[in-house]
Amino acid sequence: MINTTHTPEGFIPLADTLSRNEIFDRYRQTRGGAARTHWQIIYLKSQGKHSQDISEVTGYSLSMIREIIIRYNEEGPDDFIEDIALPDQQSSDYLRKSNELDSARQAQQEMLAPIIPSHPELKIDAFLKSATELSGDYYDFFLSKQGVMTLTIGDATGHGTTAGMMVAATKALFQGSAHDCDLLGIIRGMSKTIKCVNLPSTFMHLTLARYEDGILKLVGAGMPPLFMYRASSKTVEDIILKGMPLGSYTDFPYEQIEIPFAVGDTVFFMSDGLLDLLSPSGEMFQIDRVRRIFSEAAHRSPNEIIAHIRKAGVAWRAGRPLKDDVTLLVLQRSNGHANS
């Protein structure tokens, strides 16, 4: 049992009776108004959210949130819920917001689950883990009738509803322009449109990549470096793509690079949520560690590479909640067998 009698609310730890996934399952499965709010408080707490943030989402007072967390710690997940009702208007507002958020989450999950196209010269795998209900990270693909593969990975500034809106706008813009033969034209057009949309203080960090006839073309807009594994030399190179996030400047001079992409070569794309993973002591994962971990598995298949990096990330944060969305994408030139 955790002694929380004299602990300031902001520092109350959450008993590890259930994992965060188990807590989330209880929250999603509970339908009663008060019970669902109790589980939402525990879920948000398990993510490392501050009580003021929890109060704004649920409508419960700080003292009531403290009481619910203490009861969860002392009485356990099956007995901590009490039928504490919100005032009628607050209860109605909460239920409306909760239902709207559930609908938005479901819609975004369906939107952010693109089918990875099959290409005879490429193997691809991707992974996205959201830190909050709505993701600000994004990845997508477009395969032309001529067999040209264009892909993208992005990371909106901020979290929550506004970041989710930015992701939706970005996906629509990418799918509407990915057939264009000019990557620079695509990214400039996307940036101008996002600038016009004028989501407050929200921009889109993005990388565009296109594979055609053994050449990989790349354009960047504020994303972390890429890692390129060269099968011939068994070495890993850093690829830095300089560019401002989409929507920040109307006419930023984006640049495109072209690199040979031979059989066995592998490129690793990531959002900065991976670099920002924190250990229990507060140390960040950082770029050098990610490069080393990628190097350990870069000769393997894309899904094995992602599994290796995910395993290292989980071990590093040792149960700490995600502070930012994490997206991983691996592109590998194969020996001619289609992506399965």
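Anything mentioned here points back to the structure above.
Report on the accompanying structure. (Residues numbered from 1 in each chain as written. Predicted model: local features only at pLDDT ≥ 70, side-chain atom pairs only at ≥ 80, totals over all residues. Heavy atoms only, no water.)

Let us now look at the layout of surface pockets. It is the rolling of a water-molecule-sized probe over the atoms that shows where space remains empty. Within this model, the largest pocket holds a volume of roughly 870 Å³. Looking at the lining of the largest pocket, the elements with two or more residues in it are α1 (20–29), α2 (33–46), β1 (122–129), α10 (302–317) and β10 (326–333). A per-element tally of the lining of the largest pocket places α10 first, with 5 residues. In terms of residue class, the lining of the largest pocket is made up of 17 nonpolar, 9 polar and 10 charged. (1 Å grid on protein atoms, 1.4 Å probe; cavity = no way out; pocket = protein on both sides within 12 Å on 5 of 7 lines; lining within 4 Å. Points joined across faces, edges and corners; volume = space filled by probe spheres on them. Helix = DSSP H or I, 4+ residues; strand = E, 2+ residues; numbered from the N terminus. Nonpolar A, V, L, I, M, F, W, Y, C, P; charged D, E, K, R; others polar.)

Scanning all chains against the criterion turns up 11 aromatic pairs. For the ring pair Tyr-27 and Tyr-43, a centre distance of 5.8 Å and an interplane angle of 20° mean the geometry is stacked. Of this pair, Tyr-27 sits in helix α1 while Tyr-43 sits in helix α2, and the two are 16 residues apart along the sequence. Its relative accessible area of 8% is what places Tyr-43 among the buried residues. With a centroid separation of 5.2 Å and an interplanar angle of 90°, the aromatic rings of Tyr-72 and Phe-80 are classed as edge-to-face. According to the relative accessible area criterion, Tyr-72 is buried, its value standing at 0%. Classification of Phe-80 as buried rests on a relative accessible area of 0%. Through pairs of rings, three or more aromatic residues link up here, namely Trp-39, Tyr-72 and Phe-80. (Phe/Tyr/Trp six-rings, centres within 6.5 Å; stacked < 30°, edge-to-face > 60°. Buried < 20%, exposed > 50% of the residue type's maximum accessible area, 1.4 Å probe, protein only.)

Next up on the list: the pattern of salt bridges. Considering all chains together, one arrives at 11 salt bridges under this definition. Between Asp-140 and Lys-171 there is a salt bridge, with the nearest N and O atoms lying 2.9 Å from each other. Of this pair, Asp-140 sits in strand β2 (residues 137–143) while Lys-171 sits in helix α6 (residues 160–177), and the two are 31 residues apart along the sequence. Exposure remark for Asp-140: the relative accessible area of 2% places this residue in the buried category. (Salt bridge = Lys/Arg side-chain N within 4 Å of Asp/Glu carboxyl O.)

Here Asp-155 lies in strand β3 (residues 149–156). Using a relative accessible area of 6% as the deciding quantity, one classes Asp-155 as buried.

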